[in-house]
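Reading the structure
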Amino acid sequence: FTLETGENEESRAGDFDTAMKRKLVKTKTDLTKFIQESGYTTSQVEEGMGVPFAQMDIHIAFDMVTHWKSQQ
């Protein structure tokens with residue numbers, strides 16, 4: 001069993017924020033806005049995913065951009 005100690009409250013807040021943003025990204029327009037706000041271009045995401053933007057899975061692209069942003 002894993003018992004919560006309350007020592008790492010910040011990590012859950014970050015997970016919640018990411019989950020909420022992911023929920024709000026429901027269309028390619030939402031994804032484009034999220035990508036731009038993250039400091040990337042759709043061309044960079046196309047290159048990173050190896051598929052044209054029009055064929056991209058929205059949630060996989062979101063997860064990739066989120067990962068890139070966390071690496072900065």
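Residues numbered from 1 in each chain as written. Predicted model: local features only at pLDDT ≥ 70, side-chain atom pairs only at ≥ 80, totals over all residues. Heavy atoms only, no water.

**Quick look at the pattern of salt bridges**
Our working rule: Any Lys or Arg side-chain nitrogen located within 4 Å of an Asp or Glu carboxyl oxygen qualifies as a salt bridge. Counting from the N terminus, the helices are the DSSP runs of H or I reaching at least four residues and the strands are the DSSP runs of E reaching at least two.
Within this structure, the stated rule accounts for 1 salt bridge. Residues Asp63 and Arg22 are paired through a salt bridge, measuring 2.8 Å at the closest nitrogen-oxygen approach. With Asp63 in helix H4 (residues 58–71) and Arg22 in helix H1 (residues 9–24), this pair connects stretches of sequence that are 41 residues apart.

**Details of the nonpolar core**
Worth spelling out the cut-off: What we call a nonpolar core is a set of buried Ala, Val, Leu, Ile, Met, Phe, Trp, Tyr and Cys residues that are connected through their side-chain atoms within 4.5 Å. Burial classes follow relative accessibility: with a 1.4 Å probe on protein chains only, a residue under 20% of its type's maximum area counts as buried, one over 50% as exposed, and anything between as partly exposed. By definition in these notes, contact holds between two residues if any of their heavy atoms fall within 4.5 Å.
Grouped together as the largest cluster of nonpolar side chains are 13 residues, with contacts concentrated most on Val25, Leu31, Ile35, Val45 and Val65. Taken together, the elements giving at least two residues each to this core come down to helix H2 (28–37) and H4. Ranked by the residues each element gives to this core, the list is headed by H4, at 5 residues. Non-local contacts of Ile35, meaning those with residues more than four positions away in its chain, are made with Tyr40, Thr41, Thr42, Val45, Phe53 and Val65.

**Regarding the side chain of Ser38**
Mapped onto the secondary structure, Ser38 falls in the loop between H2 and helix H3 (42–49). Excluding anything up to four places from it in sequence, Ser38 contacts Val65, Lys69 and Gln72.

**Some remarks on the environment of Ala61**
Counting through the fold element by element, Ala61 comes out in helix H4. The buried category is assigned to Ala61, whose relative accessible area is 0%. Here the alpha-carbon distance between Ala61 and Leu31, two residues 30 residues apart in the chain, equals 8.0 Å. Excluding its chain neighbours within four sequence positions, the residues that come into contact with Ala61 are Leu31, Val45, Met49 and Met56.

**Here we look at the confidence of the model for the protein chain**
Worth spelling out the cut-off: One number per residue, pLDDT, summarises how confident the predictor is, and it ranges from 0 to 100.
When pLDDT is averaged along the protein chain, the result is 83, and 81% of the positions lie at 70 or above. At the level of individual helices and strands, the protein chain shows its lowest average pLDDT in H1, which scores 71, and its highest in H3, which scores 95.

**Quick word on H4**
Going by this rule: An expected span of 1.5 Å times one less than the residue number is assigned to each helix. As used in this structure description, the phrase polar contact means that two N or O atoms lie within 3.5 Å; if the pair is within protein, one of them must be able to donate a hydrogen and the other to accept it, and residues adjacent in sequence are counted only when both atoms belong to side chains.
Between its terminal C-alpha atoms H4 stretches 20 Å, which fits the 20 Å expected from 14 residues at 1.5 Å a residue. N-cap assignment for H4: the residue whose side-chain oxygen lies 3.0 Å from the backbone N of His59 is Asp57.

**What about the packing of H2 against H4?**
To keep it simple, the criterion reads: A fitted line through C-alpha atoms serves as each axis, taken over the contacting stretch for helices, and the angle formed by two N-to-C directions is quoted from 0 to 180°. Note on angle classes: values under 35 degrees are labelled roughly parallel, values over 145 roughly antiparallel, values of 65 to 115 roughly perpendicular, and the remainder oblique. Amino acid classes used here: Ala, Val, Leu, Ile, Met, Phe, Trp, Tyr, Cys and Pro are nonpolar; Asp, Glu, Lys and Arg are charged; the rest, including Gly, are polar.
Packing of H2 against H4 leaves a shortest axis separation of 10 Å and a crossing angle of 10 degrees. In terms of axis orientation, H2 runs roughly parallel to H4. Residues Lys28, Leu31, Phe34, Ile35 and Glu37 of H2 form the contact with H4, whose participating residues are Ile58, Ala61, Phe62, Val65, Thr66 and Lys69. Among the residues forming the contact of H2 with H4, the class breakdown is 7 nonpolar, 1 polar and 3 charged.

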